[in-house]
Amino acid sequence: MSLLELLIGSTVFAASAAASLQLWALAGAAAVAEERQQQRMEQAEAALLRAETALRRLGPGAGDCTTAAGQVLQLLSADPLAPGLVRHLETSASGDGVVLRLAVEGEATARQRLYVPAVLGLCGPAPQGGGHGSP
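Not measured: the values here are computed from a predicted model.

1. What about the pattern of salt bridges?
Under the definition given, this model contains 5 salt bridges. Residues E45 and R111 are paired through a salt bridge, measuring 2.3 Å at the closest nitrogen-oxygen approach. Pair noted here: E45 is in helix α1 (residues 3-57) and R111 is in strand β3 (residues 111-115), with a separation of 66 residues, a long-range link. When its relative accessible area of 32% is taken as the criterion, E45 is described as partly exposed. Since its relative accessible area comes to 29%, R111 is described here as partly exposed. One salt bridge connects R56 with E52, and the closest N-O pair in it is separated by 3.2 Å. Here R56 and its partner E52 are both found in helix α1, 4 residues apart, which amounts to about one turn of the helix. Judged by its relative accessible area of 29%, E52 falls in the partly exposed class.

2. Topic: the sheet that holds β3
Strand order in the open sheet formed by 3 strands is β1-β2-β3, and the pairing between neighbours is antiparallel. Only two strands of the sheet have a single neighbouring strand rather than two, namely β1 (85-91) and β3. Averaged over all pairs of adjacent strands, the angle between strand axes in this sheet comes to 15°, irrespective of strand direction. Pairing of β1 with strand β2 (residues 98-104), which is carried by 7 bridges, proceeds in the antiparallel orientation.

3. Some remarks on the packing of α1 against helix α2 (residues 65-78)
For the pair α1 and α2, interaxial distance at closest approach is 10 Å and the crossing angle is 135°. Classified by the angle their axes make, α1 and α2 are oblique. Every pair of crossing elements has a handedness; the one defined by α1 and α2 is right-handed. The residues of α2 that touch α1, namely those facing A51, A54 and L55, are V72, L75 and L76. Across the contact of α1 with α2, the residue classes break down as 6 nonpolar, no polar and no charged.

4. Focus on α2
When the terminal C-alpha atoms of α2 are compared, their 20 Å separation across 14 residues agrees well with the 20 Å that a helix rising 1.5 Å per residue should span. Within the sequence span of α2, burial applies to A68, A69, V72 and L76. Buried residues along α2 cover an arc of 105° about the axis, so they all sit on one side. Counted as exposed and oriented over 90 degrees from the buried face of α2: T66, Q74 and A78. Each element contacted by the buried residues of α2 is listed here: α1, β1, β2 and β3.

5. Some words on empty space enclosed by the protein
Once rolled over the atoms, a probe with the size of a water molecule shows which space is left empty. Per the counting criterion, the structure on display carries 1 cavity of 30 Å³ or more. Of the pockets and cavities examined, the largest cavity occupies roughly 40 Å³. Along its surface, the largest cavity is lined by A47, A51, L76, D79, L81, R87, L100 and L102. Mapped onto the lining of the largest cavity, the elements with two or more residues apiece are α1 and β2.

Rules behind the numbers
Residues numbered from 1 in each chain as written. Predicted model: local features only at pLDDT ≥ 70, side-chain atom pairs only at ≥ 80, totals over all residues. Heavy atoms only, no water. Salt bridge = Lys/Arg side-chain N within 4 Å of Asp/Glu carboxyl O. Helix = DSSP H or I, 4+ residues; strand = E, 2+ residues; numbered from the N terminus. Buried < 20%, exposed > 50% of the residue type's maximum accessible area, 1.4 Å probe, protein only. Pairing = 2+ DSSP bridges. Axes fitted to C-alpha atoms, helices over the stretch in contact; angles between N-to-C directions. Parallel < 35°, antiparallel > 145°, perpendicular 65-115°, else oblique. Left-handed = near helix turned anticlockwise from the far one by under 90°. Contact = heavy atoms within 4.5 Å. Nonpolar A, V, L, I, M, F, W, Y, C, P; charged D, E, K, R; others polar. Expected span 1.5 Å × (residues − 1). Arc of directions from axis to C-beta. 1 Å grid on protein atoms, 1.4 Å probe; cavity = no way out; pocket = protein on both sides within 12 Å on 5 of 7 lines; lining within 4 Å. Points joined across faces, edges and corners; volume = space filled by probe spheres on them.

Here's what the structure looks like:
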């Protein structure tokens, strides 16, 4: 084998090894990015679950649902978020609830929930006192 053949062979080998390493590195980076995205999605689900749990812990109330919606809005805005999540809170179109929308960085659609204080038992008519009989 001549020196020229040896040089050409080692150059081809080095080029193919470098290309293989680049492909391997890209595949590894894609796997890490997908894992991080999955973690952010799980954090969004956990944040929604925490919000619902916190709202269910609030005591039952009687009275104005608009005031209760303000309390729900305040409680939801106080919950800390993980990095990569963005919270959007708004009053529902009917005005009797709060829409919590969590946008996950890198996802096209946001996770959202509608929390209605009346459904959660946080507002409504005052409980009637008295017995079980008719008036």
